[in-house]
Each structure stands twice: as C-alpha cells, then as structure tokens.
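One letter stands for each residue in the lines below.
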Amino acid sequence: MGSRKRIALLFTTANFYYRDVAAGVAAYVARHGLDWELIAADLSACSIEQVAQWRIEGIIAEMDQPQAVEKLARARACLVGVGSASDDTPPGSFSLAGSDNFALVRSAYHYLVGQGARHMAMYSLPAAYNRHWVGERDSAFARLCRADGASAPLYRGHEPSVFAWESQLDELTAWLDGLPKPVAILAVNDTRARHLIQACAMAPPALAAQISIVGIDNDPLVQTLARVPISSVMHATDAIGSAAAALMHEDMLGLGLGVRRVLLPPSGMNGPALRGVSHGAAVARALHFIGLNATARIKAEQVARHVGLSRSWLERQFQRELGHSVHDAIFRRRLEAAERMLAEGGVTMAEVAARCGFSSVQYLYSVFARERGCTPRLYRDQRGPGAAPAAG
C-alpha cells in the first residue's frame, strides 16, 4: 500500500457529536493532503479482535465507552481519544481531543446570568460508568456557584423510562416548584433541557413563567422534537476533529511528543434569544417566556410583568433590538406552532386553533391567508405526512 495509512474512526455513529467530529477529521486530512484511508465503524458493534484484523496504523475513538478504549490502548496502533473532559479528568495512556466540560458549563452559566437570573439550579443525570462528563459538568456548575457565593441546587432525577414517564415528570415538577423563583436552570444536556420544557408545559402557568432553561450540546434531533427552541451551548466539533487528526498526524511522524490533551471551548450559543444578535437581558427573558407561553393566549402586558418592566419600555426595547412589537413576537410563535401541528398531521383545524392560541377556526384561516397565501388545509396537504388529511 506504499505510504498510505489506514486510520480507524471508532465512534457511535448514531451520535451527532461524533459524526461531526468525523467530518472534522476528514477536513484535516484533505487540508493537509494526507494519504490516509479513513475506516469508520461503530465502536459498540465491533470487537478489538476485529479491529486488529484491519491492519491499521491509527485509531481515533470515542471516550464514552472506557472499557473498549482501554483495550484499544493496548492495540498495536496509535490511539487518540475523542469526547469531553476537564482539567480534573485523570490522565490516560493516550492523547485526547475534546470539549472542555468546564468551559461548556461556564458558557451556559454566564448566559443565564446575562438573562438577569437571581437564582440558579441544575438538572443533571444519574451517575454512570460511561458518563464521566456528567460529574464533571456538575462539579463545574457547583464551582461557578461557589465563586458567586450562591447555592447550587442539583437534581439528578432518574434514567428516562417510558413506563415511569408520568411519575418522573411529576417528581421533576415538584422539584421545580420547590426552587426559589425566578430561577434559571442549566440542563446537563439538551435531552434534560427538553424534559424541563415538558414539565413546564404541564405545570401551572404561574410556575412555568418563572423558569428559564439552557442546555448543552445543541443536539439537532432534540431541538427538532422540543416544543420550543432550546437555548444551548454548541461544541466546536469541527475543530475537535481537526485536533484529533493533528494529534494522530504528529504521532505518525514520530515526533515523540508523548501523551497530550487538547480541550476546546464551545463554539457559541444557539437558541431563541441568540439568532445572530446578542439581545439584552430583558428582551431575552421576554422571548423565552413567549416561547413557553405564546399558545396560552398571553398578552404583551403579561410578558412585561414577567420581566418586571413597563410595557412601553419593553416595547421600545423590542423595536430597537428586533424591529417588531411584543405582540408580533407572540403572534409569530403561535403561527410557528400551528405550522408545526399541521405538518405533523392527525389533528383537526379546531384543535390547531385551540391549541395554538387562535380564537377561532375562522381566524386561523384568515391568518394563513394573510401570512402564507393559502388555507391551513392546503398548508397541511403540502407539508404534512402522506396520509389522507384529517377531518376539520
């Protein structure tokens, strides 16, 4: 094969993080003109013996399956781990490229502080051998709260279960109810952020109105499934992939640099309050409240009361930062909710109108005629699933 190097990418291929990291590896290879043959495989679906038979020179593998990675470290190939870690993560026998867990949490924490939050809390996950990052993110949150002289309430909850889902949501809602208000909650990942949104949707409006939420990961599937957009910290996955490839490249060149660790900060924030501009704390909190409650027929006065400002002042801030009114923001969220329900199908027009905050089916029709140039029925037929349209 000449100078060509066979490099195995051993990731959980269903995980968006590792898919994006793999793309970063490939970009580094192309950018540097390396003669590498990249072999992608799911780490959970292949044995160490199978990997050995590939006659490979290098392995870039995820860290979230530590037993498998330790076995790979004994293979006769250069090994680089990928995942997330912190300065407190025990050093391994191989180099590592990944997200800095402390930096991820710090970014989320500072974002919440910027929303004017007086109280903080964290919704985490139960500890598990393959989730070292959970403990690291929990510790980072506690450390940041201590530095501010604040308490750091933390709730781990349970492993998600469809059989116990209702009782788990009840417990989560009870925890939320017992927190000091208003409260900003950092979710250890986007899945936990979605759980919080679901609990807020079931809770009394007075409770949900006092809760702000931010997640970590910017998981595209979770964002798609969520009732409202989730503000979330984004990993620098392309840069992490490039860093992992660079570590591998240096080992292949025999530079003798030893075990290294490259931890990268997040690439930014994504969410309803950060779409290309940085909104002030009042507007950001108002948008979050609107996202959670627009379909409940809230009024602009309620939004202003939630952020503790006069309506006239808040209206001026909306016009200055967004170019439209508070009422327009509420209306847009209702229209987005209606479009989403119509695209999913299986509902009547009366249900869409009632659940999305429109006063009547007739008003729903007039809104779609004005804003989309079609009837909601036609929108459903064009965007919805292939099944026959629901009666309406």
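This text follows the structure it describes.
Everything numeric here is computed off the predicted structure, so don't read it as measured data. (Residues numbered from 1 in each chain as written. Predicted model: local features only at pLDDT ≥ 70, side-chain atom pairs only at ≥ 80, totals over all residues. Heavy atoms only, no water.)

> What am I meant to see in the packing of helix H1 (residues 16-32) against helix H10 (residues 237-252) here?
Relative orientation and spacing of two packed helices are given, respectively, by the angle between their axes and the distance between those axes. Viewed as axis vectors pointing N to C, H1 and H10 meet at an angle of 55°, and their least axial separation amounts to 7 Å. By the angle between their directions, the pair H1 and H10 is classed as oblique. Crossing handedness for the pair H1 and H10: right-handed. In contact with Tyr17, Asp20, Val21, Gly24, Val25, Tyr28 and Arg31 of H1, H10 contributes Thr237, Asp238, Ile240, Gly241, Ser242, Ala245, Ala246 and His249. Across the contact of H1 with H10, the residue classes tally to 7 nonpolar, 5 polar and 3 charged. (Axes fitted to C-alpha atoms, helices over the stretch in contact; angles between N-to-C directions. Helix = DSSP H or I, 4+ residues; strand = E, 2+ residues; numbered from the N terminus. Parallel < 35°, antiparallel > 145°, perpendicular 65-115°, else oblique. Left-handed = near helix turned anticlockwise from the far one by under 90°. Contact = heavy atoms within 4.5 Å. Nonpolar A, V, L, I, M, F, W, Y, C, P; charged D, E, K, R; others polar.)

> Would you mind going over the packing of aromatic side chains with me for this structure?
Both the distance between ring centres and the angle between the ring planes are used here to describe each pair of aromatic rings. In the structure shown here, the tally under the stated rule is 8 aromatic pairs. Following the ring pairs from residue to residue traces out a cluster consisting of Phe11, Tyr17 and Tyr18. Cation over ring: Arg143 sits above Phe102, and NZ or CZ is 4.1 Å from the ring centre. (Phe/Tyr/Trp six-rings, centres within 6.5 Å; stacked < 30°, edge-to-face > 60°. Lys NZ or Arg CZ within 6 Å of the ring centre and 35° of its normal.)

> It is not clear to me how the sheet that holds strand S10 (residues 232-234) should be interpreted in this structure. Could you clarify?
Strand pairing in a sheet relies on backbone hydrogen bonds. The paired strands run either parallel or antiparallel. If you trace the 6 strands from one edge of the open sheet to the other, you get S7-S6-S8-S9-S10-S12, paired in mixed fashion. Each edge of the sheet is formed by a strand with only one pairing partner; in this case those strands are strand S7 (154-155) and strand S12 (268-270). Direction of pairing for S10 relative to S12: antiparallel, over a ladder of 3 bridges. Paired with Met234 across the bridge in S12 is Gly268. (Pairing = 2+ DSSP bridges.)

> Could you clarify how one ought to interpret the sheet that holds strand S5 (residues 95-100) in this entry?
Spatial ordering of the open sheet is given by S2-S1-S3-S4-S5-S11, a layout of 6 strands whose pairing is parallel. Two strands bound the open sheet, and with one partner strand each, they are strand S2 (36-42) and strand S11 (261-264). Between one strand axis and the next, the sheet turns through 15° on average, direction left out of account. Where S5 meets S11, 4 bridges bridge the pair, whose relative direction is parallel. From the neighbouring strand, Gly98 faces S11, where its bridge partner is Leu263. Each of strand S4 (78-85) and S5 touches helix H4 (residues 101-114); the most contacted strand, S5, lies at about 5° to it.

> Got a minute to help me understand the environment of Gln168 in this structure?
Looking at the secondary structure, you find Gln168 in helix H6 (residues 165-178). Through-space distance from the C-alpha of Gln168 to that of Gly157 is 7.5 Å; in sequence the pair is 11 residues apart. The contacts of Gln168, once residues within four sequence positions are left out, are His158, Glu159, Pro160 and Ser161. For Gln168, the side chain forms a polar contact with the main-chain oxygen of Glu159, separated by 3.0 Å. (Polar contact = N/O pair within 3.5 Å; in protein donor to acceptor, adjacent residues only side chain to side chain.)

In short, shape yes, function no, at least from these values alone.
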